[in-house]
Each structure stands twice: as C-alpha cells, then as structure tokens.
Amino acid sequence: MSYKTTDALMRHLRDSGIAIKGCKQKQQLINTGYFHGYKGYRFFENSQRRLPFVSYNEVYATIQYDSDLKALLYGKMMYIETAVKNIALESILTNANSESIQDIYDKLVSGYNNAPAHATTEQKRKMQQNKLNLQNSIQANLAYAYKKNNPRITHFYNNVGYSDVPVWALFEIMTMGDFGYLLSCLTYNVRDDISRRLGLNISCDTDRQLIYKYIYTLKDLRNAIAHNAVVFDTRFRNIDPNNAMRQCLKLEIGLPYVNFKTIGDYVILMCYYMKLLKVSRTEIKAFIREFEKITNNYKQTVNSNVAAIVIHPDLSARMNILKNFI
C-alpha cells in the first residue's frame with residue numbers, strides 16, 4: 001500500500017471539496033498532521049456526522065479552537081482535582097483518625113461486614129469485590145511508583161524508620177480515575193461527610209454518588225486534555241449522567257437541562273466546582289468570558305453550517321444563566 005505525499009494529500013482534499021493551496025496551508029497540514037488533524041477533526045462526535053468544511057482554513061480553525069479550549073481548561077482542571085483531593089483527604093484522615101492505608105480499608109471502605117443493614121447478599125458481595133479491587137489498584141499504584149523511583153513513595157519504603165506509606169502520600173500519586181474509584185468504595189457516612197465539606201447540593205443525591213460521579217465526568221475531560229485528544233465535541237464522554245447529576249446542576253444553577261453532550265456542560269460543571277471551592281467571582285467570570293471569546297472567534301472563521309453543528313444553539317443562553325449563578 002503506497003503512502004501519499006503532502007502534495008498528494010492536498011490534491012485529495014481538493015478533490016473532496018476542501019480548498020487548500022500555498023506554502024502556508026501546506027505547512028499547517030504538515031504541522032497538524034493529515035491523520036491527527038484533518039481526519040481527527042473532520043467530524044463531530046462520530047464519523048457519521050461529517051462537518052461540512054469548504055476550505056482548509058476551517059479545518060485549521062477547528063484544530064486551533066480545540067487547542068485553545070484545552071489550554072483554557074487545563075489549569076482550572078488541575079486546580080479542581082488538587083482541591084477536591086485535599087478536601088476528601090482531610091475527611092478521610094478525620095474519619096479514620098489515622099493516616100494508615102490499612103486503617104482506611106478497615107474503617108472507611110464498604111465491604112461485606114460493614115454494608116448497610118438493608119443491603120442484599122449480592123450487594124454485600126459486590127461491595128467486598130470492589131474493596132478487593134481497590135486494594136489491588138492501590139498496591140499496583142504503589143508498586144509502579146516505587147519501580148519508577150518516585151521519591152514521594154521510595155522515601156517511605158527505603159527508610160527503616162517507616163513501616164508503610166501514609167494515605168496522604170498515596171493521594172499524591174493517584175490518578176483522577178483511581179481517586180474517583182476510591183471515593184465510590186467509601187462508606188455512605190464518609191461520602192456524605194466529603195459531600196458536605198465540599199458543599200454539593202445533596203438534596204437529590206440520596207445514595208451520595210455525586211462525589212464520585214462528577215469526578216469520573218471531569219476525569220474523562222482531563223484525560224482527553226492530557227493526551228491531546230479531541231475535546232470540542234465531547235467525544236471523550238464515557239458517562240451518561242444519572243438523575244442526581246442532572247438535578248444538582250439544574251437546581252443549583254437554574255438550567256433547563258443538563259446532559260454533558262456539549263463542551264458547555266463541562267465548563268458549567270467546572271464553574272460549579274470553582275464556586276464550591278471559593279474561587280473568586282472575578283476569576284470564574286473571566287474564565288467564562290474567555291471560553292465565550294474563543295468560541296465566538298471560532299464562529300467567525302467557519303461557515304454557518306459548520307458553526308451550527310459545533311456550537312450548540314443555546315450555548316449563549318446557558319452561559320448567561322451560569323454567569324447569573326456565579
């Protein structure tokens with residue numbers, strides 16, 4: 001199978017109805033890549049929804065829009081992840097009255113023996129299985145960090161004065177997904193405590209699942225940003241929001257609906273978290289304005305058929321509701 005040169009790829013794009021010519025656009029195609037760039041951005045959400053581009057300028061503008069979104073979201077996402085971990089950690093240390101990982105397994109993680117009274121045998125078995133999976137995942141994390149000579153972990157194992165890694169050091173190496181899983185394995189009382197410390201609206205969250213469901217939701221976006229995957233059309237989305245996830249944001253912010261099918265909903269969730277974390281109004285509003293600015297700039301650079309697919313028609317109204325909430 002023969003490969004296509006950049007010139008041949010440009011001819012192929014022209015044959016497909018996309019105007020492209022000149023040294024500048026050739027260099028843009030080389031830099032963004034035909035496969036990562038054009039093939040990755042020529043559709044919205046899935047390959048069946050092709051974006052009706054008429055020029056390579058529009059393709060490049062879409063790649064740029066996606067890049068600008070990632071740059072805007074990354075710092076705030078790191079801030080939210082760190083802050084929520086620290087709030088959860090404080091609750092865990094207080095509730096266990098210990099920094100020992102073993103004590104946390106014994107006292108705070110749901111299993112067969114400490115399941116709620118109303119739990120069925122099957123539910124108890126599932127909790128116990130989750131507890132064992134959690135232990136496996138934590139041990140694997142620690143083993144990997146030790147193998148990679150991570151000083152946060154080797155410090156404890158290579159020091160005769162210490163017998164084990166404290167939970168706060170584990171939190172330093174935990175991925176957002178592992179953190180979400182740990183939260184999901186905690187007993188109801190601890191999840192309730194973390195939810196209240198954070199200030200989540202728990203009126204519609206009877207099982208106290210919001211604390212980890214929202215982390216899983218943000219984790220999908222965080223990983224897409226970190227791995228330079230496409231984010232503008234939320235194709236990274238792995239989770240269907242349950243009723244509590246929808247109701248919480250609808251009640252708190254005053255939105256007519258929430259479905260996480262557009263990037264705007266992820267911006268809304270991040271702003272909700274920043275408000276809970278007492279980030280200043282000025283900073284959150286500046287973040288929203290920047291999101292609106294890069295979205296409006298993008299809208300000016302593509303034809304109206306592309307804009308109609310990429311930018312949800314009620315995005316502007318939803319951002320106004322969000323700003324009123326902030």
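My aim in this report is to walk through the structure given alongside it, one point at a time. (Residues numbered from 1 in each chain as written. Predicted model: local features only at pLDDT ≥ 70, side-chain atom pairs only at ≥ 80, totals over all residues. Heavy atoms only, no water.)

Focus on helix 12 (residues 243–253)
Put simply, the test is: Think of it in three bands: residues with accessible area under 20% of the maximum for their type are buried, residues over 50% are exposed, and the middle band is partly exposed, with areas taken using a 1.4 Å probe on protein chains only. Only DSSP runs of H or I reaching four residues or more are called helices, and only runs of E reaching two or more are called strands; each is numbered from the N terminus. This arc describes the spread of directions from the helix axis toward the C-beta atoms. Only heavy atoms enter the contact rule, under which two residues are in contact if any of them lie within 4.5 Å.
Inspection of helix 12 places Ala244, Met245, Cys248, Leu249 and Ile253 among the buried residues, and these make up the whole buried set. Projected down its long axis, helix 12 carries its buried residues within an arc of 130°, all on one side. Tucked inside the fold, the buried residues of helix 12 contact helix 11 (210–226), helix 13 (263–276) and helix 16 (315–325). At the C-terminal side of helix 12, Gly254 shows a positive phi close to 90°.

Here we look at the packing of helix 1 (residues 6–15) against helix 2 (residues 22–32)
Our working rule: Interaxial angle, 0 to 180 degrees, is taken between N-to-C directions of lines fitted to C-alpha atoms, where a helix line uses only the stretch in contact. The labels follow the angle: roughly parallel below 35 degrees, roughly antiparallel above 145, roughly perpendicular from 65 to 115, and oblique for the rest. Put simply, Ala, Val, Leu, Ile, Met, Phe, Trp, Tyr, Cys and Pro go in the nonpolar bin, Asp, Glu, Lys and Arg in the charged bin, and everything else, Gly too, in the polar bin.
Here helix 1 crosses helix 2 at 100°, and the two axes come no closer than 11 Å. One finds that helix 1 runs roughly perpendicular with respect to helix 2. Counting all contacts with helix 1, which are made through Thr6, Asp7, Leu9, Met10 and Leu13, the residues of helix 2 involved are Gly22, Lys26, Leu29 and Ile30. For the contact of helix 1 with helix 2, the class distribution of residues is 5 nonpolar, 2 polar and 2 charged.

A few points about the packing of aromatic side chains
Basically, it comes down to this: Two rings from Phe, Tyr or Trp (for Trp, the six-membered ring) form a pair when their centres are within 6.5 Å of each other. A pair whose planes differ by under 30 degrees is stacked, one over 60 is edge-to-face, and the rest are tilted. Geometrically, a charge over a ring is one whose NZ (Lys) or CZ (Arg) sits within 6 Å of the ring centre while staying within 35 degrees of the ring normal.
Evaluated as defined, the whole model comprises 12 aromatic pairs. Relative to Phe232, the ring of Phe44 has its centre 5.8 Å away and its plane inclined at 65°; by these criteria the two rings are edge-to-face. Note that Phe44 is positioned in strand 1 (residues 43–44) and Phe232 in the loop between helix 11 and helix 12, a separation of 188 residues in sequence. Across this residue pair, the class does not change: Phe44 and Phe232 are buried. Ring geometry for Phe171 against Phe179: centres 5.7 Å apart, planes inclined by 70°, an arrangement best described as edge-to-face. Neither residue differs from the other here; Phe171 and Phe179 are each classed as buried. Directly above the ring of Phe325 sits Lys275, whose terminal nitrogen or CZ lies 5.1 Å from the centroid. Between Arg318 and the ring centre of Tyr257, over which it is positioned, the NZ or CZ distance is 4.1 Å.

What about the pattern of salt bridges?
Quick note on the threshold: A pair is scored as a salt bridge if a Lys or Arg side-chain nitrogen falls within 4 Å of a carboxyl oxygen belonging to Asp or Glu.
Scanning all chains against the criterion turns up 16 salt bridges. Through salt bridges with shared partners, one network takes in Glu81, Lys85 and Arg222.

Some points on the side chain of Thr154
Within the secondary structure layout, Thr154 lies in helix 7 (residues 151–157). Assessed through its relative accessible area of 9%, Thr154 is described here as buried. When neighbours within four sequence positions are excluded, Thr154 is seen to be in contact with Tyr146 and Asn149.

Section: the pairing of strand 2 (residues 46–50)
The condition is simple: What makes two strands pair is DSSP finding at least two bridges between them.
Strand direction decides the pairing type here: strand 1 and strand 2, joined by 2 bridges, are antiparallel. Following the sheet pairing, Phe43 is matched in strand 2 by Arg50. In this antiparallel pair of consecutive strands, strand 1 and strand 2, the connection spans 1 residue, and Glu45 shows a positive phi of 70°.

Description of the packing of helix 4 (residues 56–96) against helix 10 (residues 188–198)
The following threshold applies: Whether a crossing is left-handed or right-handed is set by the direction in which the near helix is turned from the far one by less than a right angle, anticlockwise for left-handed and clockwise for right-handed.
Look at helix 4 against helix 10: their axes get within 9 Å of each other, and the N-to-C directions meet at 135°. By the angle between their directions, the pair helix 4 and helix 10 is classed as oblique. In this structure, helix 4 crosses over helix 10, and the sense of that crossing is right-handed. Where helix 4 approaches helix 10, its residues Val84, Ile87, Ala88, Glu90, Ser91, Ile92, Thr94 and Asn95 are matched on the opposing element by Val190, Asp193, Ile194, Arg197 and Leu198. Looking at side-chain class alone, the contact of helix 4 with helix 10 contains 7 nonpolar, 3 polar and 3 charged residues.

Function-wise, these values are silent; they only describe arrangement.
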